[in-house]
Structures are given as C-alpha cells and as structure tokens.
Amino acid sequence: MIGLISATAAGAVARDRLATAWPTRVRVYDGPVGDAVRAAFAECDQLVCFLATGAVVRLVAPLLGDKTSDPGVVCVDEAGRFAVSLVGGHGGGANELAREVGELLGAEPVVTTATDAAGVPGLDTLGLPVEGDVAGVSRAMLDGEPVLLEAELSWPLPALPPNVGRPAQQGGTAILRVSDRAHVPADREVVLRPPSLVVGVGASKGAPVDEILGLVEGTLRDAGLSPKSLAQLATVDAKADEPGIVGAAEHLGVPVVTYTAEELAKVEVPNPSDAPLAAVGTHSVAEAAALVRGGELLVPKRKSARADGLPAMATCAVVRRTPRGRLAVVGLGPGARDLLTPRAKEELRSASVLVGLDQYVDQIRDLLRPGTRILESGLGAEEERARTAVAEARRGQAVALIGSGDAGVYAMASPALAEASDDIDVVGVPGVTAALAAGAILGAPLGHDHVSISLSDLHTPWEVIERRVRAAAEADIVVTFYNPRSRGRDWQLPKALAILAGHREPTTPVGVVRNASRPDESSRVTTLGSLDPAIVDMMTVVTVGNTATREIAGRMVTPRGYRWQEEAK
C-alpha cells in the first residue's frame, strides 16, 4: 500500500490524481502532517509526500530503522515539477515509484542512487537474492575497477558494465559470484543466488510441517547448498493439499509444483520403491518429482529422522536444474512512450542482448542498461532476427526481441516461436496493437466482432487474402487492414474495398489513421464510397465498419446491440 500525504491545496490536487489513477494501491492520510507521516510510515510499504524534502527529512528521520525494511519515500514539490526518491531507493522501491509518479503527473523523476544515476544495475535489483558486500562491489563497478564474474552457473543476467568480466578476461579484487552453494562471501564479494534448486518431496498423510521442513533444510545444509536458491518443492498431485508440504513451502517462500502419477512413473530414478506405488501409483515421488523437468540429481532420496523413533513420514531429493536462456518477445506499442507498458520497460532493462529492427531500437535505446549488446538490422530481415534472438537465448543469454504494436500481431513472436524449441524459456510481453491504437483515436469502431487482415502478399498469396476478405464481408464483420498500400503494392486495397462494397452500403463509415500515437499522427472518418486509396500508405491503418457502424459526432461507433439501446430507438 502507498500512503499519500499532502499539506496544501496544490498538493492535494496532485495527491488526488494519484488516488484516482491508483484506487487499489493507495491510501490518503489526512490530519496533521506529522501524525499522517508517522501513521503511513508504520502502515504502508511506500509513501508519496507532497511536501518539501527538508520537511519530510525532519519528519521521517526519527522513524528510520533498517534500509531493508523501511518503506520507500518519494517527495513531490508543490508545483509538481519533480518526484524525488528520498528514502529506500532500491529496498523500498522508491526509485521506481518516483518514475511511476513522474510519468503520471508529468514530473521529472529525481533518482540519486549512484548505480541508477550512472545506469549501472543495482546488484539488489537483478531479480535474484543477493548476499555479501553489495556496497563495496557496487562501488567498484561504479569506479570502473575490474570486477571478477565467477559464474558457477551460467544463469541469464541483465547487462553488466564492461568492467565486470570473467577471470580469464579480467583481473580484480572485487568479485561477483553466481552460485547456489552455501558459500560465505568474502570482503568485496557479492553472491547472487539463482533459483536453480528443486526439492522433490514425498510425505505420508498427516506428516508434520516441522518434519518436512527440517528434512528439506537439513538436506540442503548437509549438501552445502543455499536455501536462497530453492525454486520450488515438487510432489505428486495427490499430495497437492497435504498440510505438511504446503506449510513447509510457505515457510521456505517457494511454490508447490505437482505432477500426475503417470508423469512421475515415466521418470527413471536410482531408488524406486513399492511403497509409493501402492499409495499414489508411482515407484518414486521425491526423486521423480525433482527430476521430471530434467537436471542433475545432487542428493538422492533421503528420509526424515524422527526423534521419537517412529518410522519416517517424509522423503526428499534435490536436483539442480539446467540453466536456460531466456527470450522475452516484447511489444513496444504503436510508438508513443506513454503507451509502452511498464512490463515491457522492465524486460528491456532485464536484457543483456537486444534484437530488433533498427528504427524500433532507436525508439527505446535510452531505456537499455549500459553494456546491453544490441543486434539490429533493417527492414526485410525478420526471419534473421528471429533466428538470432533464439540462438542468443540458447547461449544462455537474457534476450529481448522487440516488435512494434503487439509482437504477436503481424510481428516477431510467430517467427521466433516457430524457431524456438523447449530448450529455452520464452516470455511474451503484450503491447498496444495498431488496430487498438487507431480504434481509440477513431472512437469505438471495434465495439462488436472484428477481424484484422494484412494486405501484404509478400508472405501470404493474394488468393488466400482475398478469400479472407470475402469471408469477413459476407459475415458482416468490422475489418481492420494492416499493411494496406505501398508504392509497390497499390492495387490490393482498392480490390479489398471493392469486395466489401459488394456487401455494404457506400455510406459505411471508414476510419483512416496514420502514425497512430506519434507526433505526426493524422486521422479521418470517411465512407466506403468516398475513400481515396491514394491517401493510404504503410504507416496507415484502415478500419471499415460493418452494416451497423455509424458516424456519431465525428466518431466511428459500432454498437454492441445492448437491449437498452434497442429500446431507446
């Protein structure tokens, strides 16, 4: 929860804008400012104070305890010009909150955390648990000192500064280690803990939480493994609701992942047993559940030890899963920066390799971390970019493959996923498509059933495209045309419009939007009988209404057919 505190009318106006935009995220604190700050500091994860920074410093100073637990605090000035990350930049999330507040209020985010200011990734912001001398190693990274990268596991990481290198490439006294071993960091050493360990668990009905938890923690400790690298507990689906397993997972802060007995029965294990076969239908639970997705068996099946001498009620096995590269297919939206989603920005910052069309790379170059390797190419190289992105992910990299609009709509997702196999992790990041961006500008042309059709016959034979246009015309569906017309393809749009005209009146509204959401955006609403295809190019989206679409107050509206609308006629 974010606490909002203001002292003046101007501050209250800005405060209320945040409250309206984030109704489920914020709580407004009224009354004397000092009381409000103290209450919010105790009750909230973050604070936004519409006060002078000096006043906030004096108010929160007596409340500060530990940077790992204190809430993040952001200050916004009376004029709404700046959003200052004051306390808890990383741990409290104030740096990111300052950026969010700035974007919403049109204020400049002010972030003075050294790593953020220099564009160097904060070691506690890489998405992995971190141990050791974070400040010392961060200082070495900022000062350009050689920092050793000891990657015992080749886990995909965001871009790191060029002074962070592997031992063969670079000497240095500061060390950044990636490990799941129970290693105690030395001076000027940081250990990142990747989620590399899976513990398979078998349990008798009613097995106590303490017995299962003690078994898991003891097994990891005896094997010299860090519990901070534990990714999940795995078991058979018949034990999905077993209180002891669920409770142990909650204590460890990991999910319980389950598999069917049929899936587990197919896994070869070193220690099969008849006991689980009779109980749940498979020769192995602990080992099979840990191994079902592959990996290296570090600790074979081990039974719990009970102080009362009764038979063990739990077993476990530990597997180190194989590091996998990561491919994020990211939609950048139609072009406007404020239509780029927060999730897309986060994926761009998390990538060590970016693959994309050169003009799209230029749009978001400023969002990339220094050191990000950029692989850009021109128009017509879509398949090459898809192959390159997948190949980089297979090398264990964290890759972002970008496309305009939504990357899954006439963009890079389909060629990339056709190239990818199950040896890499793939994440799709949706974006605002051209059809949606244009529809919002035109009004509500997509209010009922609609279809998008690309008129480019570079990848699809015209006969197929024509058949689809004809089907949409006969079904009376609103049609949005992508890639409608270029200098080398000037006859396809008139042909498609003629097909639609055979089923719709000449007065049917048609919306034409060029460069939706960009500075040179233009739009118009015309009719099927009046549209001049010569005004259309490849930067244009053409939306043709159905027989119910109307122009109302200059906007295209396709009614959904609500009962109350019919009754009002």
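What you see is a predicted model; the values in this text were computed from it and never measured. Here the residue index of a chain counts from 1 through its sequence in written order. Only residues with pLDDT of at least 70 get local features here, since the model is predicted, and only at 80 or more are side-chain atom pairs given and counted; chain-wide, interface and lining totals rely on the full set of residues. The basis for the side-chain values is all heavy atoms of the structure; hydrogens and waters are excluded.

## Considering the packing of aromatic side chains
Here's step 1: Geometry of aromatic contacts follows a simple scheme: Phe, Tyr and Trp rings, the Trp one being its six-membered ring, pair when their centres are within 6.5 Å, and the pair is stacked under 30 degrees between planes, edge-to-face over 60, tilted otherwise. In total, this model carries two aromatic pairs according to the counting rule given.
Here's step 2: Where Y410 meets Y482, the ring centres are 4.7 Å apart and the plane angle is 50°; that geometry is what we call tilted. With Y410 in the loop between strand 20 (398-403) and helix 15 (413-419) and Y482 in strand 24 (residues 478-482), the pair connects residues that are 72 residues apart, well separated along the chain.
Here's step 3: The cut-offs for exposure are 20% and 50% of the maximum accessible area for each residue type, with area from a 1.4 Å probe on protein chains only; residues under the lower value are buried, those over the upper are exposed, and the others partly exposed. Judged by relative accessible area, which is 42%, Y410 ranks as partly exposed.
Here's step 4: Seen from their ring centres, W462 and W491 are 5.1 Å apart, and the 70° between their planes marks the pair as edge-to-face. Starting at the N terminus, helices and strands are each numbered in turn, a helix being any DSSP run of H or I of at least four residues and a strand any DSSP run of E of at least two.

## Comments concerning helix 2 (residues 33-43)
Here's step 1: Those residues of helix 2 that fall on the buried side of the exposure criterion are G34, A36, V37, A40 and F41. End-on view of helix 2: buried residues confined to an arc of 160°, all on one side of the axis.
Here's step 2: Whether two residues are in contact is decided by their heavy atoms: any pair within 4.5 Å suffices. The inward-facing, buried residues of helix 2 abut strand 1 (2-6), strand 2 (26-29), strand 3 (46-50) and helix 3 (53-60). Relevant arc is that of directions from the helix axis to the C-beta atoms, nothing else.

## Notes on the layout of surface pockets
Here's step 1: Size it by volume and the largest pocket reaches roughly 1500 Å³.
Here's step 2: Broken down by secondary-structure element, the contributors of at least two residues to the lining of the largest pocket are helix 13 (358-364), helix 14 (382-394), strand 20, helix 15, strand 23 (450-454), helix 17 (462-474) and strand 27 (540-544).
Here's step 3: Each residue is assigned to one of three groups, with Ala, Val, Leu, Ile, Met, Phe, Trp, Tyr, Cys and Pro labelled nonpolar, Asp, Glu, Lys and Arg labelled charged, and all others, Gly among them, labelled polar. Taken together, the residues of the lining of the largest pocket sort by class into 21 nonpolar, 17 polar and seven charged. As defined here, a cavity is a set of points on a 1 Å grid over the protein atoms alone where a 1.4 Å probe fits but cannot get out. A pocket is an open set with protein on both sides within 12 Å along at least five of seven lines, and residues line them when an atom is within 4 Å of a point. Grid points are joined across faces, edges and corners, and a volume is the space filled by probe spheres set on the points.

## Some points on unusual backbone geometry
Here's step 1: A positive phi angle, near 45°, is found at N483, a position not held by glycine.
Here's step 2: Relative to the helices and strands, N483 resides in the loop between strand 24 and helix 18 (492-501).

## Structural notes on the packing of helix 7 (residues 209-222) against helix 8 (residues 243-252)
In a pair of packed helices, the angle between the axes and the distance between the axes together describe the arrangement.
Here's step 1: Relative orientation of the contacting elements helix 7 and helix 8 amounts to 50°, with a least axis distance of 8 Å. Viewed along their axes, helix 7 and helix 8 adopt a mutual orientation that is oblique. The handedness of the crossing between helix 7 and helix 8 is right-handed. Residue-level contacts link V209, I212, L213, V216 and E217 of helix 7 to P243, G244, I245, G247, A248, H251 and L252 of helix 8.
Here's step 2: Across the contact of helix 7 with helix 8, the residue classes tally to eight nonpolar, three polar and one charged. Lines are fitted to the C-alpha atoms to define the axes, a helix being fitted only along its stretch in contact, and any angle between axes, read from their N-to-C directions, falls within 0 to 180 degrees. Roughly parallel covers angles under 35 degrees, roughly antiparallel covers those over 145, roughly perpendicular covers 65 to 115, and oblique covers all other angles. A crossing counts as left-handed when the near helix is turned anticlockwise from the far one by less than a right angle, and as right-handed when that turn is clockwise.

## What to know about the nonpolar core
Here's step 1: Nine residue types can take part in a nonpolar core, namely buried Ala, Val, Leu, Ile, Met, Phe, Trp, Tyr and Cys, and a core is a set of them joined through side-chain atoms within 4.5 Å. Residues V199, I212, V216 and L233 are the most contacted members of the largest nonpolar core, which totals 22 residues.
Here's step 2: Residue assignment for this core shows that the elements contributing at least two residues are strand 12 (197-203), helix 7, strand 13 (230-236), helix 8 and strand 16 (314-320).
Here's step 3: The residues touching L233, leaving out its near neighbours within four places in the chain, are V199, V201, V216, I245, A248, A249, L252, V254, P255, V256 and V257.
Here's step 4: Among the nonpolar cores identified, the runner-up in size contains 21 residues, and I453, I465, V469 and V536 belong to it.

## Notes on the environment of S404
Here's step 1: Looking at the element boundaries, S404 is found in the loop between strand 20 and helix 15.
Here's step 2: Separated by 28 residues in the primary sequence, S404 and V432 have C-alpha atoms spaced 8.6 Å apart.

## Some points on the environment of C49
Here's step 1: Tracing the sequence through the fold places C49 in strand 3.
Here's step 2: Taking C-alpha positions, C49 is 12 Å from D30, a pair spaced 19 residues apart along the chain.
Here's step 3: C49 has contacts with I5, V56, V73, V74, C75 and V76, leaving out every residue within four places of it along the chain.

## Overview of the side chain of T540
Here's step 1: Inspection of the secondary structure assignment puts T540 in strand 27.
Here's step 2: Residue classification places T540 among the buried residues on the basis of a relative accessible area of 2%.
Here's step 3: One polar contact links T540 to D537, side chain to side chain, over a distance of 2.8 Å.
Here's step 4: Excluding anything up to four places from it in sequence, T540 contacts F481, P484, V512, V513, R514 and I535. In protein, a polar contact means a hydrogen-donor-capable atom and an acceptor-capable atom, both N or O and within 3.5 Å, with residues adjacent in sequence counting only if both atoms are side-chain atoms; elsewhere, any N or O pair within 3.5 Å suffices.

## Looking at the sheet that holds strand 21 (residues 425-429)
Here's step 1: Whether two strands pair comes down to DSSP finding at least two bridges between them. Strand order in the open sheet formed by five strands is 19-18-20-17-21, and the pairing between neighbours is parallel. Strand pairing shows two members of the sheet lacking a second neighbour, strand 19 (373-377) and strand 21, which therefore form its edges. Ignoring strand direction, the axes of neighbouring strands in this sheet form an average angle of 15°.
Here's step 2: Bridge analysis of strand 17 (residues 326-331) against strand 20 gives six bridges, and the strand direction is parallel.

## What to know about the pattern of salt bridges
Here's step 1: We count a salt bridge whenever a side-chain nitrogen from Lys or Arg sits within 4 Å of a carboxyl oxygen from Asp or Glu. Overall, the coordinates contain 32 salt bridges when judged by the stated rule.
Here's step 2: The salt bridge involving R188 is made with E145; its shortest N-O contact spans 2.7 Å. Of the two residues, R188 is situated in the loop between strand 10 (174-178) and strand 11 (189-192) and E145 in the loop between helix 6 (134-143) and strand 8 (147-151); the sequence distance between them amounts to 43 residues.
Here's step 3: The partly exposed category is assigned to E145, whose relative accessible area is 29%.
Here's step 4: With a closest N to O distance of 2.8 Å, E466 and R470 form a salt bridge. One end of the pair is E466 and the other is R470, both in helix 17 and four residues apart, which spans about a single turn.

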